[in-house]
Every structure is written in structure tokens, then in C-alpha cells.
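Analysis of the macromolecular model
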Amino acid sequence: MEPILEMKAITKRFPGVLANDNVNLDLYQGEIHALIGENGAGKSTLMSVLFGMYTPEEGEIFYKGQKLDIDGPQDAIELGIGMVHQHFMLVPTLTVAENIILGSEPKRGLKIDIEKAIAKVNELANKFGLQVDATAKVKDIPVGMQQRVEILKALYRGAEVLILDEPTAVLTPQEVEGLYQIMESLTEQGKSIIFITHKLKEVLRISDRITVLRKGKGIGTVTTSETNQKELARMMVGREVLLEVEKEEADFGEVLVEVSNLSAFNDRGMEALNSVSFQIRAGEILGIAGVEGNGQTELVEVLTGLREATAGEYNLHGDSLYNHSARKIKEAKVAHIPEDRHKHGLVLDYTVEDNLVLGYHYREPFAKGINLNFNNLAEHANRLIPEYDIRPQNKEALARSLSGGNQQKIIVAREFDLGPEFLIASQPTRGVDVGAIEFIHRRILEQRDEGKAVLLVSAELPEVISLSDRIAVMYEGEIVDIVDAAEATEEKLGILMAGGSLEGGIANGS
Amino acid sequence: MEILTQIFSLETLSSTLRMATPLAIAAIGGLYSERSGIINIALEGLMLAGAFIAVVVSYFTGIPWLGLLGALVFGGLFAMIHAVVSIKYHADQVVSGVAINMLAAGGTVFMLNIIFNTSGTSESVNALPYWGPFKPTVYIGLLVVFIAHYVLFKTPFGLRVRSVGEHPHAADSVGIDVEKIRYICVGISGILAGLAGAHLSLGVLDSFREGMTAGRGFIALAAMIFGKWTPFGALGASLLFGFSQAVQIRLQGLGIPTEFVQMIPYIFTIIALAGVIGKSTPPTAIGEPFEKGKR
Amino acid sequence: MGVDKIDIKELAIELLIPLLAIIFSFIIGAIIVYTFGYDPIETYAALLQGAFGNLNRFADTLLAATPLIFTGLAVAFAFRCGLFNIGGEGQLLVGGLAAAWVGTFDGLSVVVHVPLAVLAAAIAGAIWIAIPAVLKAFLGVHEVITTIMMNYIAYAMVAYLSLKVLANPGEIKTPPIEASAYLWRFSNILDIRSYMNLGFILALLVLLFIYYLLWKTTIGYEIRAVGINPDAAEYGGISAPKNIILAMLISGALAGLGGAERTLGLYHYYIQGFSPGYGFTGIAVALLGRNHPFGILLAGILFGALSNGRTFMNMAAGVPIDLVNIIQAIIIFFVAADLIFRQFIPNKSEGGVA
């Protein structure tokens, strides 16, 4: 059988980056073909090339045996290639039906034939088992349904090949299972799917074949039934992965951080945190596991003074920090590695030197009155840059010009240097290269061993399991359980993350 | 009581409609542009240019209808400067709007000097005829509002315009040409602002006077915002603001200074933006240049 | 920090773009002039001569530049905090009126009266931007629209106050201010007729102060951080609402000072319609000056020269004075759409990849 789609020797360059280097991919009809690799491996670039959003410097694409010259998404759509983007491409203020027909609207006279549109949407939804409310506005429907709308958009346009870009990132385990069923139903009816992810378990569960990318290069294509997690991991990172972090026996002190019945709203005014309680002892790392969007972000924001809580208590050393300002909380020696360093942790157009005092800029020795002390700023930078191995070693470089790992090191240097009592690290290794990950893990453990309280929020279960002493699992704004890290497995946490419970057995830490 | 009957007399109501016409037309122009994601504070300048061209064409041809046509064409072309600078060169749309206004203010007087050899008021030209109680532009203006509602909310083009203004990358991902939609919408805004200007110079008057729009472009902008970026909302706000202009003189008789009445549209708009009477929220992607591939 | 650390190439581009904008605008101006049958060289020579031809004209250029430096600084200061104050015109008008009113108080000595009147103008300008500032800081209401609206409210308000409250019946200007509120004029010691006054020196001092405030103090660190990335600022314990309000109030005060110079230094009363749009030209000044105090000084003098030289240009070359407004508008287009020039400048490759 001929493949329905072939990408041959695709090379795509961006200024300073080789995003795709001579990559091959083929797809057969009715197949689920997984495309895996670490963040930044070039998966999304390759798919954007296929979808006509980028023009590759070299390489050819064949579809149903014909060489393609795709210029823009419109061409790809007309050929029957549909893409479900990681960040949904939906207009929140329009209805589900309007979003689906956008760009190829059924008409009656000059008008949009909205009845026909709704009927068509419902027909497609029934055929593939994708339940949606055609007349609801997209901003009012849950994330899982938004994803189904995205898939329907592609099907409405007659997609034969569907590209799903990290479709599970925003879903609960049950919703993921529902998505798998949809994917199977689609392939049974002759559609072919390219499934982009970096989660190995998902790949092994659902795909037929797997292509691995690493640093822009195609490492190889394997048949799912003939491989295993370990082999895939090795292909992805290029060496045996050390999931076990070496860590010393914990030496817990007194309770430093006490949070009880903390509640808060999210940006849309809906309850995002519902009566959350936990304690962290000196010398302890409490991990927070959970599918993203279950209140972790809001929890961290409340604890760092970036969001107002609606109820509860929050004490450090017995002193209340409840609804204090970000500045007051910093002054109480709470350090914060934020989830999104571009949005929160750095002023990208400030120099490394200026970023190294962000949040502390108004204090001695960096300022006297309203005057900045430039000598002390320089000295501070000259000390921290080598100590935290920030490269390039240039305090006057703009933070923007540094790599992700080095940007994260600026934040780590700044937050750790002032001797925190309570360290809040949110997704500390996201989008950071392997070397920097190890460095950051080591530094976090050092803080723990020095007797600090650490709250670690991470979407990477292996990271949470290997670094934490105890793990709290969040689901829909609540902590459903707190388990001992030593007894935690991905399976157990997975059940909790889906809102399930473990009957007895595991110690409840709080 | 007597003053109330005076205020709500037939004469005031027809004068309200006359005053509201340029506001509504220009507001609808602004609406197309802003719904597609391009801020348009250039309405004032576009109107002024339209008013001027209308008089010039009528002066040279003697046919006011050609003047009107000239205002539409030139308004659309003039707006293309705003479009190219904002869309192609990603300039700050507010800055570009300011520059259009400045160019129109300077350019019209410059040309007034060249053509009419004065800095004040042009010669009188043939104005538009009356159709019944009103000038044709009043009827056209009402038509423009209804057409805008139909186009924006019932047609594929309107759906695309709204999607481009709210989430251009979503529109792009289904093959909609975001830039093309924006060029068209900014063009329409120029055409309509030109029409509004022609109403002033060939409908209300029969000549061009320096700076004759006197802030009406900004009142139109206010009407568009106060009307929550919808055609009928903009019409309602224009009528309200037109009414406040129409009764100014009468209210002065009651001891209310005209200056305070003049402030009404602006104060209302600030109140509407503050959300005191139902928050007025602009299209999400407004003011942001569109760059393919970025999000 | 800040400006001192920009690398040479970036600095060259920063200087090159305004220069190219000016050159191209004058070329287009020349084409327009030529099209209508005038001599471009004669026109520009007259413009130059009118602006800088002798000491008196040079002083008049600086006089014309003074309010533009203030309004340019006002726009730039707000820009540095990520805000667009398009309401400089209204703030300047209320500032001018406040100074003219305080200027009529009698029985004060010069050392009290002048600072008091100047301060009144600054406060009035700040008050005039307070509502947009608060709405922006706490409700996120876009300041462009609200400051435009405040301009028009100001037009009506100052018309009412100056004509119907302060002015004597039948007059179109307010009563003259006391001599104790006059800003000292250079004609007192120089052999010039120009009304150039202490306001220009005040502008220079304010310019230095703003430079210091933005780049040498924690206040500037915070305001600029909010301007670049309000989320990161909040994270760093820097209150965005507080800094937005502070930056806007300072911006309004700066524009208000421009009005004070006009009433206390030039006119000695408030006259309806005295501003030909200083607040809007301030936007051009700020843009051309790259929102930097020293750039604003140069841009302010350029625009001052244009507005001062245009009358002589009109007399000597016959070209309508509004040519100058056209050139100004074109300069704004070029500076705003600097991509036009940047596309010809080789791009620095983005270093660092995640």
C-alpha cells in the first residue's frame, strides 16, 4: 500500500535555529501516527510546514502520490489536511456553528444559511461521536468541547488527514480516554491521524507507528507494538534518562508553612481554588500534581500575592501572609520561580543586571532612597553570574537575548540568593534544556537540605515524584489527597488527578 | 412645559436627524475598521478631507453628485494610507490616526490656499438638493446603518470581519486573508467618513470652511463606543448626541451653558467605558498588528 | 542601565530612523511644493532663514519649541510606562488657564507667585488626566479613548471658564496677570524682540529631571518595568496600578507646564484658541525623539523651527504656511512605520534558543 502522505527530507531554518533538519515522515490511510519529541524538537514546525504555515527551505511533500506545493493553510485545507492546534484557533465570541463554518460558509442568497450550518454540524457530530452544542458561544463551553469543535472544523472542511497538536495537554485522563475513542472512530471511518505529543504513555496506548524527533532531526520511525517506553525515551533525549534524582534522606523540622481552607476565583470569576489546606515542614518538598488548569496556577498566585484569596488562612512561621501584597510576601522571604518566565519572571528588555534585582530593586544595598546604587547593582550581578553559571557572562546583555535555560537561571539566582524561607517553584524546568534541568533540580534540593520549605508545582509527573517528599494532587480546585512520594506511582497519581480516590492504603499526610 | 414642547418640537427632531447623520455614518465607518481590528481615530481627518474634496469637485464640475462621489473615492484612498501604515508596516494605529488627522488639517488648508486663495472659507458651490424635508445624505446615512447590520451579522463577509477582529490567527488558520479583510474594512471606513464629510459641506452647507468637522469625527468615535461597537447602538448614540447638539441653543435659554451640553457625548462615552451602564468592550485583537505564525 | 547600555549598532539605528524620516518627509514636501509651482529650494531656504536667520529668530524658534518640549515629554513619559497620553492638548489648556488665573492674584512676590502659578498649571494638568489614569489603572479602560474625550471636555470647559467666568464681558481673553507672575524674558538682557522666556530654561531643567527620574531612580525602574511588562512588574512586587497612575499624573503635569509657559511667559493672559495643537504635535515630538529626553529636545527644536520659520517662508516663497503641518504629519508616518526603513537594515539574528 502506498502512503497517503509523505514528507521527504524537510529542512526549515529560522534565524539562528535549524528547526527541521532533513526530516522524513510517512502516513498510511487509517493510521494513527505519533510524532514525538521534547519541547523544541521541531514537531510543531514540521506540522506547520505540512499545513502551509511555513515554507521549508528544502524537501518535498507527496499527498496521494502527487507532489504538493502548499502555500498557506487554505491550500492544505482544500487538499484535505486539517489541523487541531495546541492553542485552539476558535473565536470565543462566535458560536460553535459559526466557528466551524468560518471561511467556508453555506449561503442562501447573500446571507449565511445558519440553519443549514447547524444541521451539518450536528450531522458530522453524530457521525463521529463528537458531542457539541452548535448554538452555544465558544467562550461558554468547556475545554473538552472546544477541542471537539476544533476537530469538527477540520472534518467540516473534508479533512482526510488530521493533525492533532498536543491534544491531551489540557484534558483530564477521562477526557483523554474520550479523545482516544474519537480518534479510533475517525480512523475506522478512513481518516488518518498525525498525533503530536511528548507523553510516551499516550503514544504507546493509541498509536500505530511512532516517529521521533530530537533537536530538529528525525531519529527514526518505529512500530508501536515493537517498542517500549524506555527505547522511546532514549530516542527522544539521546541517552538513558535518569528519572531518579539523587537525594538525601529528608530531615524535617517544624511546620513552616500552614495553609488552610484557602479559596480563590480565577480570572473569569469562577471558583478556581476550593478550600485548599496543607502544611510544609522545614526541609520538606511538597509537590503539587494535577492536570494543568485545576487550580495550581491560582494557588501559586495566591501564595505569592499575585491574586486575592476569597477565604482561608496562610501562615509562614506562624505569621499571617493572607492576602498580603507581592512585595510584603517577598519581604517575608518567600521566593518564587514563576510558571511562565516570559510573562512573569523577567522584564525581557531589561539587562541581566537589572533583572537580577527585580522585586528587590528598592531595598538596600541596591537603592538608597529613590536613587539606584549602580555600583552595588553591578557587584551583585558580577557575583551571581558566575555562581549560577549564567551564559553569556555579560551583565549588560538584555534578558531577551539569553536562552531559555539561562533566563531561568537568572530567576533562580535572584530568588535563591536572598536566602528564602519558603520557596515556591512552579514548572521550574519547563522549556529548559537537559543540562539546566539538572542544575535547577540540584539547587532546589539544596534549598530543601538547608531546611527551607519548598512547594513544587509541575506538570511533569516524574519530576514531582522524584523531587518531592510528599505529593498533593489537585483536581478541580481541591486537593483530593496528599500521598507520600515514596509510595506514589504515576498510576496512583493518575487516578487522583482524574478526581478518583485510593481506598485507604496510602498515608494522608495532612 | 412650554420649553419641553419647544425641545421636542418637529423642528428639533428634524435638526436632530441632520446633526446625527454625519455622526452615524462616520461611526459606522469606524465600526467596520475597528471590528476588523484596526483602531480608527482618523475619522476626523477622513471626514475633513471628504468635505473638502466634495466642495472642490462640485466647484470644478458644478455637479454636487460628483462632489459626493469624489468624497467617497478620496475618503477610501486617503484611508489606505492608514491601512498600509498600520497593516503592512505595523505602525501604532493611534499614531497613524493622529498623523492622518494632522495631514488632513494641514492639507485641506494648504489646498484651500492653492485653489481658493484663502485660509478661511471656500467659495459657495452647488450643494446637494433637498429630497423632501432632508438632504439625500440623511436617507443614505440611515441606509448605511441597516446595511452595516446586515453585512456584519448576516453575511459570510461579516462573520469573517468579526473573526479577524477577535482572533486573527483563528481566521488565518482557516484560510481567511486577514490583511485583505482589514484593508477592505479600513477602506470602507474611509469611504463612509468621506460621505459624512460631504454631508457637512454639500448637505448642511455649500462650502468648505477650515476645520469644519470641529470634532465630529471624535463624537462619531464616541458614538461607536457608546453604541458598543454595533450599528444600531451607534445609530442610537448618534441620535442622542445629535439631539444634544440640536437643543443646545434652547437649553442656553434655560441658563444651561452650551459648553456643558457640548461635553455630553464625551462624558457619556467615558461613563460607558467605565462600565457604569453596561460595559463597552472593544474587539479583542484591536490595535495589534497581525503577524503570521506568531501568537 | 538603560540608554548607556544600548549597543552601538542599536544606537545608530535609533538615530538613523528619525533622520531618514525627516529627510524623506522634506523630500515629499519638496515634491508637493514643486507640483504647485513653487521653488522647493527657495522654500526651504526661507524656512531655514525664518527659523535661524538671526539671534531674534533663533530665540523665537526656542520660544516655539518650549511648549512642544513639555508636551513631547508628557507623551514620552507616559509611553515609557506603556501608556498613550493623547490628551496633552486638554492638559495644556487647563494648565494654561490655571496659571492665568493664579497669575491674577495680587500682592505676591515674584519668588512666590511664579512657582505658585507654575505649580497650579502642573496640578491642573494632572487633575485633567486623573480620571483616565484611574480608569486605566483599576478597570483597564484604554487611555487613548478617555484622554481624547477629556480633550473635548477641556475645550468646552476652558471656553466656559475663560470666556464666561474669568474674562470681562465682551473680552475673548482673561484679565492680564500681575507682573509678579511673569516668566522673565531674555529680551531683558539681550538685544532681541523675542518673547523667549524662562520657560525654555524650565523646560531644560524638567528634561534633565525626567532623565534622572527614569533611569537613575527606583521610580523610573518601576515605571519602565510596568511599561515593558506589567505582569513581570506585578510579580516583582511593583504595583502596576500605582505606577500607571503616577506616570499618567506626571505626564499630565508636564503638559500642564507647557500651558503655564504660554500664559505666564508669552501672552500674560489666557486667550481662547491659543494652542495650535501643541498637545498633538507633542506626539510627533516624542516619537521623533524616540521617547528620550534628549531626543525630545532636538525634535522639539526642529518642530519649533518649522512653526517659527513658516511665516517667513510664506512671505519669501509664497508657499502656504500649512506646508509645515503636512511635513509634520509625514514625519509621524515615517517614524511610526519605521519598518519601512528597518526592512533595509540587516537584522540582528536572534541569539539564544530555548
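Just so you know, these numbers come straight off a predicted model, no measurement behind them.

Secondary structure assignment for chain A yields 17 helices and 24 strands. Computed over its C-alpha atoms, the radius of gyration of chain A comes to 25 Å, within 12% of the 24 Å expected for a compact globule of 510 residues. With respect to the principal axes defined by its C-alpha atoms, chain A has extents near 70 × 50 × 45 Å. Out of the 510 residues belonging to chain A, those deemed buried represent 55%. Summarising the internal contacts of chain A: among those between residues at least 6 apart in sequence, 67% fall at separations of at least 24. Distance between charge centroids for chain A: 4 Å, based on 53 positive and 79 negative side chains.

Here we come to the overall build of chain C. Along chain C, the regular secondary structure elements total 14 helices and zero strands. Its helices and strands in sequence order give chain C the pattern α-α-α-α-α-α-α-α-α-α-α-α-α-α, from N to C terminus. The C-alpha atoms of chain C give a radius of gyration of 21 Å, which matches the 20 Å a tight globule of 354 residues would have. Each principal axis of the C-alpha atoms in chain C carries an extent, and together these give about 70 × 55 × 35 Å. Buried positions account for 60% of the 354 residues belonging to chain C. In chain C, the share of contacts with a sequence separation of at least 24, taken over all contacts with a separation of at least 6, comes to 77%. Put simply, chain C shows about 13400 Å² of open surface, and 68% of that area lies on carbon and sulfur atoms. For chain C, the separation between the mean place of its 17 positive charges and that of its 20 negative charges on side chains is 2 Å.

Before going further, it helps to examine the pattern of salt bridges. Residue and element names in this part refer to chain A. Taken as a whole and assessed by the stated rule, the structure comprises 34 salt bridges over all chains. Between Lys 12 and Glu 57 there is a salt bridge, and its shortest N-O distance comes to 3.6 Å. One end of the pair, Lys 12, is in strand S1 (residues 5–14); the other, Glu 57, is in the loop between helix H1 (43–50) and strand S4 (58–63), and 45 residues separate them in sequence. For Glu 301, the salt bridge goes to Arg 307, with nearest N and O atoms at 2.7 Å. Side by side, Glu 301 and Arg 307 carry an identical accessibility label, which is buried. When salt bridges that share partners are traced, they join Asp 26, Glu 31 and Arg 209 into one network.

On the secondary structure map, Tyr 266 of chain B appears in helix H13 (residues 258–274). Put simply, Tyr 266 of chain B and Phe 218 of chain B are 48 residues apart on the chain and 8.9 Å apart in space, counted from C-alpha to C-alpha. Those residues in contact with Tyr 266 of chain B, other than ones at most four positions away along the chain, are Gly 215 and Ile 219 of chain B together with Met 149, Tyr 152 and Ile 153 of chain C.

Now for unusual backbone geometry. All names here are of chain A. Here Glu 364 and Pro 365 are connected by a cis peptide whose omega angle stands at 0 degrees. In this structure, Pro 365 sits in the loop between helix H12 (352–355) and strand S19 (367–368). That bond from Arg 391 to Pro 392 is cis: its omega, -5 degrees, falls within 30 degrees of zero. Unusually for a residue other than glycine, Asn 323 sits at a positive phi of about 55 degrees.

All right, on to the interface of chain C and chain B then. In many analyses, interface size is given as the accessible surface area lost on bringing the parts together. Contact with chain C, which involves 42 residues of that partner, is made by 42 residues of chain B. Considering only the surface of chain C that becomes buried against chain B, Met 149, Tyr 152 and Phe 333 of chain C emerge as the three largest contributors, covering 19% of it. Taken together, chain C and chain B are joined by one salt bridge. A salt bridge links Glu 259 of chain B to Lys 164 of chain C; the shortest N-O distance between them is 2.9 Å. A total of 13 residues in the side of chain C that touches chain B trace back to one element, the largest contributor, which is helix H6 (residues 143–166) of chain C.

This part covers the interface of chain A and chain C. Each side of the interface is counted separately: chain A has 41 residues, and chain C has 27 residues. Summing the contributions of chain A and of chain C, the shared interface buries around 2800 Å²; its carbon and sulfur component is 61%. At the junction of chain A and chain C, the tally comes to one salt bridge. Close ionic contact of Arg 327 of chain A with Glu 222 of chain C constitutes a salt bridge, the shortest N to O distance being 2.7 Å. Where chain A touches chain C, the interface holds 17 residue pairs in polar contact (both at pLDDT 80 or more). Residue assignment for the side of chain A that touches chain C shows that the elements contributing at least two residues are helix H10 (326–331), helix H11 (341–345), H12, strand S20 (371–372), helix H13 (374–387) and helix H14 (404–417) of chain A. Among the residues making up the side of chain A that touches chain C, the classes are represented as 18 nonpolar, 14 polar and nine charged.

Further remarks concern the packing of helix H8 (residues 218–228) of chain C against helix H10 (residues 240–267) of chain C. Residues and elements named next belong to chain C. It is the contact of H8 with H10, at a shortest axis distance of 9 Å, that shows an interaxial angle of 105 degrees. Looking at the two axes, H8 sits roughly perpendicular to H10. Side by side, H8 and H10 meet where Ile 219, Glu 222, Ile 223 and Val 226 of the first sit next to Ala 240, Lys 242, Asn 243, Ile 244, Leu 246 and Ala 247 of the second. Taken together, the residues of the contact of H8 with H10 sort by class into seven nonpolar, one polar and two charged.

A few words now on the packing of aromatic side chains. Counted under the stated rule, the structure contains 32 aromatic pairs over all chains. On the basis of an interplanar angle of 70 degrees and a centroid distance of 5.0 Å, the ring pair of Tyr 59 of chain B and Phe 60 of chain B is categorised as edge-to-face. Where Phe 52 of chain C meets Phe 58 of chain C, the ring centres are 5.8 Å apart and the plane angle is 40 degrees; that geometry is what we call tilted. Site record: aromatic cluster; members linked through ring pairs are Trp 65, Trp 131, Phe 134 and Tyr 139 of chain B. Cation over ring: Arg 281 of chain A sits above Phe 252 of chain A, and NZ or CZ is 4.2 Å from the ring centre. The ring of Tyr 130 of chain B has Lys 135 of chain B sitting right over it, with the charged end atom 4.8 Å from the ring centre.

Here we come to the sheet that holds strand S18 (residues 334–337) of chain A. Residues and elements named next belong to chain A. Pairing is mixed across the open sheet formed by six strands, whose spatial order is S18-S21-S22-S15-S23-S24. Across the chains shown, the open sheet's two edge strands, defined by having one partner strand only, are S18 and strand S24 (478–484). Across the sheet, the mean angle from the axis of one strand to that of its neighbour is 20 degrees, orientation sign disregarded. Pairing of strand S21 (residues 422–426) with strand S22 (residues 453–457) involves five bridges; the strand directions are parallel. Note that in S22 the partner of Phe 422 across the bridge is Ala 453.

Residue and element names in this part refer to chain A. Within the element layout of this structure, Arg 307 appears in the loop between helix H9 (296–303) and strand S16 (309–316). Taking the relative accessible area as the measure of exposure, Arg 307 reaches 14% and is therefore buried. Of note is the side chain of Arg 307, whose polar atom sits 2.9 Å from the backbone oxygen of Phe 265. Engagement of the side chain of Arg 307 in a polar contact is seen with the side chain of Glu 301, the distance being 2.7 Å. Setting aside its immediate chain neighbours within four residues, Arg 307 contacts Ala 264, Phe 265, Asn 266, Asp 267, Glu 298, Glu 301, Val 302 and Asn 323.

The subject of this paragraph is the confidence of the model for chain C. Residue and element names in this part refer to chain C. Averaged over chain C, the pLDDT score is 91; the fraction of residues at 70 or greater is 95%. Every residue in residues 1–5 scores below 50 in pLDDT, and together they form 17 contacts with partners more than four places removed in sequence or on other chains. Counted against residues more than four places away or in other chains, residues 348–354, with its pLDDT under 50, gives 13 contacts. Model confidence for the complex is summarised by a pTM of 0.87, with the ipTM given as 0.90.

Glancing now at a nonpolar patch on the surface. All names here are of chain C. A surface patch of nonpolar side chains, amounting to about 1100 Å² of accessible area, comprises Leu 48, Phe 52, Leu 55, Phe 58, Trp 184, Ile 189, Leu 190, Leu 198, Ile 201, Leu 205, Leu 208 and Phe 294. For the nonpolar patch, the secondary-structure elements that each account for two or more residues are helix H2 (40–52), helix H3 (55–80) and helix H7 (198–216). Per-element accounting of the nonpolar patch gives the leading share, four residues, to H7. Residue Phe 52 is classed as partly exposed on the basis of its relative accessible area of 36%.

What counts and what doesn't
Every chain is numbered on its own, with residues counted from 1 as its sequence reads. By the order in which they are written, chains take letters starting at A while ligands take numbers starting at 1. Reporting of local features is limited, given that this is a predicted model, to residues whose pLDDT is at least 70; pairs of side-chain atoms are given and counted only at 80 or more, and all residues count toward the totals for whole chains, interfaces and linings. For the side-chain quantities, the full set of heavy atoms in the structure was used; hydrogens and water were omitted. Labels follow the DSSP assignment, with helices taken as runs of H or I lasting at least four residues and strands as runs of E lasting at least two, numbered in each case from the N terminus. Only C-alpha atoms enter the radius of gyration; for comparison, a globular chain is expected to reach 2.2 Å times N to the power 0.38, where N is the number of residues. Exposure categories follow from relative accessible area, calculated using a 1.4 Å probe and restricted to protein chains: below 20% of the type maximum is buried, above 50% is exposed, and the middle band is partly exposed. Should any heavy atoms of two residues lie within 4.5 Å, those residues are counted as being in contact. His is not counted, nor are the chain ends; Lys and Arg add positive charge and Asp and Glu add negative charge. Charged groups are reduced to one reference atom each: NZ for lysine, CZ for arginine, CG for aspartic acid, CD for glutamic acid. What sets the accessible areas is the Shrake-Rupley method with a 1.4 Å probe; for residues, cover comes only from the shown protein chains. Note on definitions: salt bridges are taken to be side-chain nitrogens of Lys or Arg within 4 Å of carboxyl oxygens of Asp or Glu. Take the accessible area each of two parts loses on contact, using a 1.4 Å probe, and add the two losses: that sum is the buried area. Polar contact criterion, stated in full: a pair of N or O atoms within 3.5 Å, where within protein one must be able to donate a hydrogen and the other to accept it, and residues adjacent in sequence count only if both atoms are side-chain atoms. Side-chain classes follow a simple rule in which Ala, Val, Leu, Ile, Met, Phe, Trp, Tyr, Cys and Pro form the nonpolar group, Asp, Glu, Lys and Arg form the charged group, and the remainder, Gly included, forms the polar group. Between N-to-C directions, angles span 0 to 180 degrees; the directions come from axes that are lines fitted to C-alpha atoms, helices contributing only their stretch in contact. Oblique is the label for any angle not covered by the other classes, which are roughly parallel (under 35 degrees), roughly antiparallel (over 145) and roughly perpendicular (65 to 115). Each pair of aromatic rings taken from Phe, Tyr and Trp, with Trp reduced to its six-membered ring, is defined by centres within 6.5 Å and is described as stacked if the planes are under 30 degrees apart, edge-to-face if over 60, and tilted in the remaining cases. By definition here, charges over rings are those cases where NZ of Lys or CZ of Arg is within 6 Å of the ring centre and within 35 degrees of the ring normal. Two strands pair if DSSP finds at least two bridges between them. Scored from 0 to 100, pLDDT records how confident the predictor is in each individual residue. Think of a patch as exposed residues, more than 30% relative accessible area, with no salt bridge, where like charges cluster within 9 Å and nonpolar side chains (Val, Leu, Ile, Met, Phe, Trp, Tyr) cluster within 5 Å.

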